[in-house]
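# A closer look at the structure
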Amino acid sequence: MTQALTDRHALALHRARATAFFMQEEAVAEVQDRLSEVNRTFTKPVVVTGFPHLWPDFPTIADDEVLALQPETHDLVINALTLQWANDPVGQLVQCRRSLQPDGLFIGLLFGGQTLTELRVSLAQAEAAVMGGLSPRVLPMAEIRDLGGLLQRSGFALPVADSFTKTVLYRDAFHLMRDLRAMGEGNALAARLRHPTRRAVLTRAAEIYAQNYASPDGLIRATFEIICLTGWAPHEGQQKPLRPGTAAARLEDALKAAAKDS
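Bear in mind that the values here come from a model prediction, so they are computed numbers and not experimental data.

Thresholds, definitions, all that
Residues numbered from 1 in each chain as written. Predicted model: local features only at pLDDT ≥ 70, side-chain atom pairs only at ≥ 80, totals over all residues. Heavy atoms only, no water. Helix = DSSP H or I, 4+ residues; strand = E, 2+ residues; numbered from the N terminus. Contact = heavy atoms within 4.5 Å. Areas by Shrake-Rupley, 256 points an atom, 1.4 Å probe, with all protein chains shown as cover. Polar contact = N/O pair within 3.5 Å; in protein donor to acceptor, adjacent residues only side chain to side chain. Buried < 20%, exposed > 50% of the residue type's maximum accessible area, 1.4 Å probe, protein only. Pairing = 2+ DSSP bridges. Right-handed = clockwise from strand over helix to strand, strands pointing away. Phe/Tyr/Trp six-rings, centres within 6.5 Å; stacked < 30°, edge-to-face > 60°.

Helix and strand content of the protein: eight helices and six strands. From first element to last, N terminus to C terminus, the protein shows the α and β order α-α-β-β-β-α-β-α-α-β-α-α-β-α. Of all intrachain contacts in the protein linking residues separated by at least 6 positions in sequence, the fraction that spans at least 24 positions is 82%. Accessible surface, the protein as shown: approximately 13,000 Å² in total, 53% of it carbon and sulfur.

Below you can see the structure in the form of structure tokens.
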């Protein structure tokens, strides 16, 4: 039996202590912006989220392994920065797809593979130097080139995957790691070490970080990539997808076209 990627109990504890929500708020703003481009009023939406208080205008459900969704119940399903923690992301996508009414819209946001590359590199180099090996510390994240295929495998029509990055400046690596804990995004990997990291590893990681990723004013930069997945529940009135390699439309155009055809 394959070991679970995420310790769901630890994740719940991290989220319960969260006090910083700026990346979650970024996701809310991104969804609102994308919905403004769709010429449709959604009357049966639902949001899958670990932070329901950030979505006061939407019904919400928790991102449990089995989502509290019923078949063909919603015309809009939003998954807000939870898929990266799913032990079965394809299964989560399938559940979202099945809960949509025909021609319903799915919007999913998750952290992508460029997220925290600076921290991951610095920690890996420091741990290898101090401890002589590596341990699971940072969540493995999907690459955008793989996620469009996952949408298709999950049964979505007109799948689109795109991304944007945000660069945040911090005093040092310790400041960044404290902020990650405040975001509820601390290490909740099932295979994580169950004892505190040696101070020497963290100190060396902070030194490497400052040496390689400092801005001109001495602050360090941290990259957050958010991948946006969009797909529609199949409907006979939808436009047909182009042949592979011929797509030239922007996401905005795809959303408007699908909404117009409904």
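Resuming the write-up.
Bringing the side chain of Thr 223 into the picture now. Relative to the elements of secondary structure, Thr 223 occurs in strand E6 (residues 220-232). A distance of 2.6 Å separates a polar atom in the side chain of Thr 223 from a polar atom in the side chain of Glu 118. Not counting the four nearest positions on each side in its chain, Thr 223 is found in contact with Gln 114, Thr 115, Leu 116, Glu 118, Thr 165, Lys 166 and Thr 167.

Burial analysis of E6 places 12 of its 13 residues in the buried class, the great majority of the element. Alignment of strand E4 (residues 100-111) against E6, held across seven bridges, turns out to be antiparallel. Residue Ile 107 lies in a different strand from E6, and its bridge partner there is Thr 230. Of the strand pairs in this sheet, strand E5 (residues 157-170) and E6 are connected by 12 bridges, and their pairing is antiparallel.

For the rest of this paragraph, the subject is the sheet that holds E6. The strand order across the open sheet built from six strands is E2-E1-E3-E4-E6-E5, with neighbouring strands paired in mixed fashion. Unpaired on one side and paired on the other, strand E2 (60-61) and E5 mark the two borders of the sheet. Here two bridges tie strand E1 (residues 45-48) to E2, and the two strands are oriented parallel to one another. Bridge pairing in E2 links Val 47 to Thr 60.

A few words on the pairing of E4. Among the 12 residues in E4, 10 count as buried, and that is most of the element. Relative to E4, strand E3 (residues 74-80) is paired through six bridges, and the arrangement is parallel. The residue bridging Ile 78 from the neighbouring strand is Ile 107, located in E4. Tracing the backbone out of E3, into helix H3 (residues 89-99) and back to the parallel element E4 gives a crossover that is right-handed.

Here the focus is unusual backbone geometry. If you check the backbone angles, Glu 72 has positive phi at about 50 degrees while not being a glycine. For Glu 72, the location among the structural elements is in the loop between E2 and E3. Non-glycine residue Leu 81 carries a positive phi angle of around 55 degrees. Following the sequence through the fold, Leu 81 ends up in the loop between E3 and H3.

The tally for this structure, following the rule as stated, stands at six aromatic pairs. Here Phe 111 and Phe 224 contribute two aromatic rings whose centre-to-centre distance is 6.2 Å and whose plane-to-plane angle is 50 degrees, an arrangement assigned as tilted. Of this pair, Phe 111 sits in strand E4 while Phe 224 sits in strand E6, and the two are 113 residues apart along the sequence. Take Phe 111 and Phe 224: they sit in the same class, and that class is buried. Chaining the aromatic ring pairs together yields one cluster made of Phe 22, Phe 111 and Phe 224.

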